[in-house]
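An overview of the molecular structure
Chain by chain, the residues run as shown.
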Amino acid sequence: MNLSSIKTPSEQIAQELYQLVYQLYPICRSITGNGVRNTLKIISEHIPLSVHEVPTNTQVFDWTVPKEWNIKAAYIKNSQGQKVVDFANSNLHVVNYSIPVHQKLSLPELKAHLFTLVDYPNWIPYRTSYYKETWGFCLSHNQYLELNDQEYEVFIDSSLEPGHLSYGEYYIPGDSSDEVLISCHVCHPSLCNDNLSGIAIATFIAKYLSQTTPKYSYRFLWIPGTIGSITWLALNEAKVNHIKHGLVLTCLGDSGNFTYKKSRRGDTEIDKVAAYVLRNSKQDYKIRDFFPYGYDERQYCSPGFNLAVGCLMRSPHGSFPEYHTSADDLNFVQPQYLAESFFQCRSILDILNNNHIYYNQNPKCEPQLGRRGLYQQDSRLNLMAILWVLNLSDGQHTLLDIAERSGMSFDVIKYAADTLLAHELLTSKKN
């Protein structure tokens, strides 16, 4: 046996996550269209995804589902017939949602439709025009500087017409009808950190949870940003009351420190669990208060819903120069960082799933532990953990509360609680 070929669980999940990012990278996605459908089809190879199609012009609160956009080809040719910008080389070259166009323009006329990054002259910016019918090209600033004063042919073979908004959903039933929502956006084209990393981690977290029997039910959403969450909330208001906790996953493949953005309420159980996991990760981290900008957490946390949904990231949007540029590529995200993010997310959900409240069956003084063999500790059983759990199992404290109060790890407290349950010294219900 070649021992060098044996992968640890961390190495295995790292490669699987990166492989999914790699597979999805070439697809030109948008808030609607075949790029989203193709992405959802690939995700469905890992989990049994339900794909929903919402027709154009569907009213969703103050918004309307837009026309569907698809693109086949686009280029700018110089007067010698050479393609100086070609969509085939990068799907960021075309402003997302550009209307079809085929005409000849002078250089000054063309420049009104061009976008570059002066500070990063080798990178292509990512631009969109979802709700204003126009067209444009994005190119590196170095390409821009090479354009001479001549006539150019511009061609965008796209369609913008009535169709559908597509999103994917996966529901895992648990012991309770109370739900945990996991949401990520699928509308960005070839951008790896924002947000192929979130897509991949959500997919493999769903795969992991499908092999367990969770306390909560789980609802996973792969949706176009903003309009997708608005659409889901508008069409599923009857289900919203079941959502007790939630995470938006994004920007999880880079080398930055972890960042957690709290829910609007700021003191929810998911906020406390996420902060605890990051604090005990032995890495630098940041906890941000909620603010009404960012990703879909701002829709789930809008005042009419006010759900307990936070956002888990590494480097937040806009805090790294590669954000929304061609530099957010397959080199910018790395397998080991994807794996770290997967395990951090899994830790949050595992603690959430096991964060029970118990009642001490012998609340008047300590029970006699010796005759139950609870002083004969195994390597995992800690006497002080037993005493802390017994003392604070009054129906008012969760296991996480006890872990934080005692300064012990959640796993040690959980093992003590399980042991006490087995000896009928705890119950989950008040007598």
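Residues numbered from 1 in each chain as written. Predicted model: local features only at pLDDT ≥ 70, side-chain atom pairs only at ≥ 80, totals over all residues. Heavy atoms only, no water.

1. Remarks on the sheet that holds strand β16 (residues 309-313)
Strand order in this open sheet of 8 strands is β1-β10-β12-β11-β13-β16-β14-β15, and the pairing throughout is mixed. Edge positions in the sheet fall to β1 (50-55) and β15 (285-288), since each of these pairs with one other strand and no more. Within this sheet the neighbouring strands show an average axis-to-axis angle of 20 degrees, counted without direction. Direction of pairing for strand β14 (residues 258-261) relative to β15: parallel, over a ladder of 4 bridges. Following the sheet pairing, Tyr260 is matched in β15 by Ile287. Helix α2 (residues 34-43) rests against β1, β10 (164-172) and β12 (217-223) of the sheet, and its axis sits at about 20 degrees to β10. (Pairing = 2+ DSSP bridges. Helix = DSSP H or I, 4+ residues; strand = E, 2+ residues; numbered from the N terminus. Axes fitted to C-alpha atoms, helices over the stretch in contact; angles between N-to-C directions. Contact = heavy atoms within 4.5 Å.)

2. Comments concerning helix α10 (residues 335-354)
In a regular helix each residue adds 1.5 Å, so 20 residues correspond to 28 Å; α10 covers 28 Å between its end C-alpha atoms and thus fits that length. Restricting attention to buried positions, one finds in α10 the residues Pro335, Leu338, Ala339, Ser341, Phe342, Gln344, Cys345, Ile348, Leu349, Ile351, Leu352 and Asn353. (Expected span 1.5 Å × (residues − 1). Buried < 20%, exposed > 50% of the residue type's maximum accessible area, 1.4 Å probe, protein only.)

3. Observations concerning the packing of helix α11 (residues 383-392) against helix α13 (residues 410-422)
The geometry of α11 relative to α13 is characterised by a closest axis approach of 9 Å and an angle of 70 degrees between their N-to-C directions. Comparing their axes, α13 and α11 come out roughly perpendicular. Within the contact between the two elements, α11 uses Ala385, Ile386, Val389 and Leu390 and α13 uses Val412, Ile413, Ala416, Ala417 and Leu420. Counted by class, the contact of α11 with α13 contains 9 nonpolar, no polar and no charged residues. (Parallel < 35°, antiparallel > 145°, perpendicular 65-115°, else oblique. Nonpolar A, V, L, I, M, F, W, Y, C, P; charged D, E, K, R; others polar.)

4. Considerations on unusual backbone geometry
Omega for the bond connecting Asp194 with Asn195 falls within 30 degrees of zero, at 10 degrees, which places this linkage in the cis form. Along the polypeptide, Asn195 turns up in helix α5 (residues 192-209). Here Tyr97, not a glycine, exhibits a phi torsion of approximately 80 degrees, which is positive. In this structure, Tyr97 sits in the loop between β5 (83-86) and β6 (101-105). Its relative accessible area of 1% is what places Tyr97 among the buried residues. Despite not being glycine, Glu424 has its phi angle at roughly 60 degrees, a positive value. Here Glu424 is to be found in the loop between α13 and β19 (426-427). For Glu424, a relative accessible area of 62% corresponds to the exposed category.

5. Observations concerning the nonpolar core
Grouped together as the largest cluster of nonpolar side chains are 78 residues, with contacts concentrated most on Ile182, Tyr218, Phe220, Trp222, Leu247, Leu249 and Leu349. The element contributing the most residues to this core is α5, with 10 residues. With residues up to four places along the chain from it excluded, the contact list for Leu349 reads Val180, Ile182, Ile205, Leu209, Tyr218 and Leu247. Core analysis: the second largest hydrophobic core is formed by 57 residues, Val60, Phe87, Tyr97 and Leu110 among them. (Core = buried A, V, L, I, M, F, W, Y, C linked by side-chain atoms within 4.5 Å.)

6. A short note on the environment of Leu117
With respect to the element layout, Leu117 can be found in the loop between β7 (114-115) and β8 (137-138). For Leu117, a relative accessible area of 17% translates into the label buried. Separated by 23 residues in the primary sequence, Leu117 and Ser140 have C-alpha atoms spaced 6.7 Å apart. In this view, Leu117 contacts Trp123, Ile124, Pro125, Arg127, His141 and Thr325; residues no more than four positions away in its chain are not counted.

7. Observations concerning the pattern of salt bridges
When charged atoms on two side chains of opposite charge get close, those side chains can pair. One pass over the full model with this rule turns up 12 salt bridges. The shortest N-O distance in the salt bridge between Glu404 and Arg279 comes to 2.3 Å. Residue Glu404 is found in helix α12 (residues 399-406), and its partner Arg279 is found in helix α8 (residues 269-279); the two are separated by 125 residues along the sequence. Look at Glu404 and you get partly exposed, because its relative accessible area is 35%. The class for Arg279 is partly exposed, based on a relative accessible area of 41%. Taken together, the salt bridges that share partners define one network made up of Arg37, Glu53 and Glu68. (Salt bridge = Lys/Arg side-chain N within 4 Å of Asp/Glu carboxyl O.)

8. Some remarks on the sheet that holds strand β17 (residues 357-360)
Spatially, 3 strands are ordered β18-β17-β19 in an open sheet, and the strand pairing comes out antiparallel. A single partner strand is all that each edge strand has here, and the edge strands are β18 (394-398) and β19. Sheet analysis places β17 next to β18, joined by 2 bridges and oriented antiparallel. Following the sheet pairing, Tyr359 is matched in β18 by Asp394.

9. Section: the side chain of Asn96
Position of Asn96 relative to the elements: it lies in the loop between β5 and β6. The buried category is assigned to Asn96, whose relative accessible area is 2%. What Asn96 contacts, discounting residues up to four positions off in sequence, is Arg29, Ser30, Trp69, Tyr126, Arg127, Thr128, Ser129, Tyr130 and Pro189.

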